[in-house]
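For reference, the chains in residue letters:
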Amino acid sequence: MLPRLAVVRVVRQLTKQSGGVLGTSTAGYATSAQGDGRDLSLLKAKKINYERIGIVGVPFDKGQRKKGVGLGPKAIREAGLIDHIQEISPTLDIKDYGDIQYEALNFNGRKVGNMKKLEHVASCNRNLSHQVTEVLDDDRLCITLGGDHAIAVGSIDGHLHHSKDVAVIWVDAHADLNTNSTSPSGNIHGMPVALLAKELCDYWPYIPGMDWQEPIISIKNLAYIGLRSVDPYERAIIEKFGINAFGMREVEKYGIKEVMRMALARIDPEGKRSLHVSYDIDSLDVLEAPSTGTSVRGGLTLREGIFIMEEAYGTGRLAAVDLVEVNPAIGTPEDVRRTVEAAVHLLVAACGHSRKGDIADTLDLIQK
C-alpha cells in the first residue's frame, strides 16, 4: 500500500503542475456544465448493425479480492438474458461465444509495484481483446459479461483494434484511475482506465505480460457517470487532465438526460466515434444492486441506469458494452435476484428494448 504521505506528495505535485487548487469534495467534477449545444441527432455517422448481437462471458475475479464475482456471467445468463433480448425482435441474430479461457502467465516471482494477480489479469485480458475484436469484426454488437472491472482493459483494447476512433462512457461509483504506485489496495479492477489512457502511459513502469496492450485511447474521449467514491490521486488526475467526469452531484443538479447529452457532446462532438459503455453495476445505488463487492450508497436509480443505456443505443453508434461486478456470493437470495435482474434490464436496454414497447410486438398486435 502506498503510504499516505506519498499520496499527499503526488497530489500536491499534480496540483502544482496543473496550476489548480484541489478541493476536498469527491463530487462536482464536470468540466463542461453546458456542453456545446450541438444536436447530435443531425450528424451523420456509421450505424451499428443491431440485428446481430454477440455475447462474451468473462468469469474473472482476480482483479479484486472478493470471491464470487466470477459467477456473474453464469447468473446473468441463467436469468434468461438471451431470451429477454430475443423478445425485442424475433429476427435478432444472437450468438453466445461462451466464456473466455486463459492460463496464468509465469513471471518467475517478478512483481510490478503492488499489482496483485497480474499474471492472471494480463493473460485473461489478452484473450478477451482478441475475442471482442472477433465479435465486432463479425458485425455484431458486443456484450461482455464480467467478472470484475479489470476485464475492461481487454474489452476496450479489442474494440480499439476494430475501430481506431472510440469514445467511452464509464458508468461507475469509482474512477478506476489508480496506477501500480498509487493504488491503496493493489487490486487491478481499480486501475483499468489508467492502463488504457495514452496520456498516462508515462506514469507506468514496464509491465510484464502486457506487451500486447498499447494505451492508445485519449482520456479526453472518456466520460465518467455516477462517481461518488474517488481517491485523492484520482481526483488530482481528473482535474489535471480535465477529464469529463459527472458525479452524482451533477446527476442530481442537471438530471440524467442532460448529463448524457453533455457527456456525448464532450467525448464525441461530431457524432462519428464508435461508442463503448463500460458499466459497473455498483454505479447503481446499493438498494438497486446490493450484490456487488464495492457498493456505495447514494448511486443511480435503476431508471437512470436504464436511461443511460437507452441513450447510448439511440446514438446508433453503440458497438460494445461491458456489464461487470455482479457478485452472486454477496447478500441474500433476494439481493442476488434484484442485482441480476437489474443487470438484465440494463443489457436489454443496450440491445434496443424500449420501455414504450418494442416495435416488433406492436406490429404483430396490429396485424392480428
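Our subject is the structure that appears above.
One structure accompanies this document, and this report is about it. (Residues numbered from 1 in each chain as written. Predicted model: local features only at pLDDT ≥ 70, side-chain atom pairs only at ≥ 80, totals over all residues. Heavy atoms only, no water.)

**A short note on the sheet that holds strand β7 (residues 274–280)**
Moving on, step 1. Taken together, 8 strands build an open sheet; the order of strands is β2-β1-β3-β8-β7-β4-β5-β6 and the sheet is parallel. Looking at strand neighbours, the two that pair on one side only are β2 (93–99) and β6 (244–247), the edges of this open sheet. Direction aside, neighbouring strands of the sheet carry axes that sit 15 degrees apart on average.
Moving on, step 2. In this sheet, β2 lies alongside strand β1 (residues 52–58) in parallel orientation, the contact comprising 5 bridges. (Pairing = 2+ DSSP bridges. Helix = DSSP H or I, 4+ residues; strand = E, 2+ residues; numbered from the N terminus. Axes fitted to C-alpha atoms, helices over the stretch in contact; angles between N-to-C directions.)

**Looking at the packing of helix α4 (residues 118–137) against helix α5 (residues 152–162)**
Moving on, step 1. Between α4 and α5, whose axes approach to 7 Å, the crossing angle comes to 40 degrees. Considering their axes alone, α4 and α5 lie oblique with respect to each other. Our pair here, α4 against α5, has a crossing hand that is right-handed. The segment α4 lies against α5, with Asn 125, Leu 128, Ser 129, Val 132, Thr 133, Leu 136 and Asp 137 engaging Ala 152, Val 153, Gly 154, Ser 155, Asp 157, Gly 158, His 159, His 161 and His 162.
Moving on, step 2. Within the contact of α4 with α5, the residues separate by chemical class into 5 nonpolar, 9 polar and 2 charged. (Parallel < 35°, antiparallel > 145°, perpendicular 65-115°, else oblique. Left-handed = near helix turned anticlockwise from the far one by under 90°. Contact = heavy atoms within 4.5 Å. Nonpolar A, V, L, I, M, F, W, Y, C, P; charged D, E, K, R; others polar.)

**Comments concerning the side chain of Asp 285**
Moving on, step 1. Note that Asp 285 resides in the loop between β7 and α10 (302–314).
Moving on, step 2. With a relative accessible area of 11%, Asp 285 lands in the buried category.
Moving on, step 3. Among the polar contacts made by the side chain of Asp 285, one reaches the main-chain amide nitrogen of Gly 298 at a distance of 2.6 Å.
Moving on, step 4. Here Asp 285 is in contact with Arg 228, Val 296, Arg 297, Gly 298, Gly 299 and Leu 300, once residues within four sequence places are set aside. (Buried < 20%, exposed > 50% of the residue type's maximum accessible area, 1.4 Å probe, protein only. Polar contact = N/O pair within 3.5 Å; in protein donor to acceptor, adjacent residues only side chain to side chain.)

**Here we look at the pattern of salt bridges**
Moving on, step 1. Scanning the model with the defined rule gives 19 salt bridges in all.
Moving on, step 2. Between Glu 239 and Arg 235 there is a salt bridge, with its nearest N and O atoms 2.6 Å apart. Of this pair, Glu 239 and Arg 235 both sit in helix α7 (residues 232–241), 4 residues apart, which is roughly one turn of that helix.
Moving on, step 3. Residue classification places Glu 239 among the partly exposed residues on the basis of a relative accessible area of 32%.
Moving on, step 4. Across the pair Glu 334 and Arg 338 runs a salt bridge, and its minimum N-O distance is 3.5 Å. With Glu 334 and Arg 338 both in helix α11 (residues 333–350) and 4 residues apart, this pair spans about one turn of that helix.
Moving on, step 5. With a relative accessible area of 28%, Arg 338 lands in the partly exposed category.
Moving on, step 6. Taken together, the salt bridges that share partners define one network made up of Glu 334, Asp 335, Arg 337, Arg 338 and Glu 341. (Salt bridge = Lys/Arg side-chain N within 4 Å of Asp/Glu carboxyl O.)

**Section: unusual backbone geometry**
Moving on, step 1. Residues Gly 146 and Gly 147 are joined by a peptide bond in cis, for which omega reads 20 degrees.
Moving on, step 2. Phi at Lys 117 is positive, roughly 60 degrees, even though this residue is not glycine.
Moving on, step 3. Using a relative accessible area of 42% as the deciding quantity, one classes Lys 117 as partly exposed.
Moving on, step 4. Residues other than glycine seldom take positive phi values, yet Glu 325 does so here, at roughly 70 degrees.
Moving on, step 5. Looking at where Glu 325 falls in the secondary structure, it is placed in the loop between β8 (318–324) and α11.
Moving on, step 6. Look at Glu 325 and you get buried, because its relative accessible area is 3%.

Treat this as a map of the structure, not an account of what it does.
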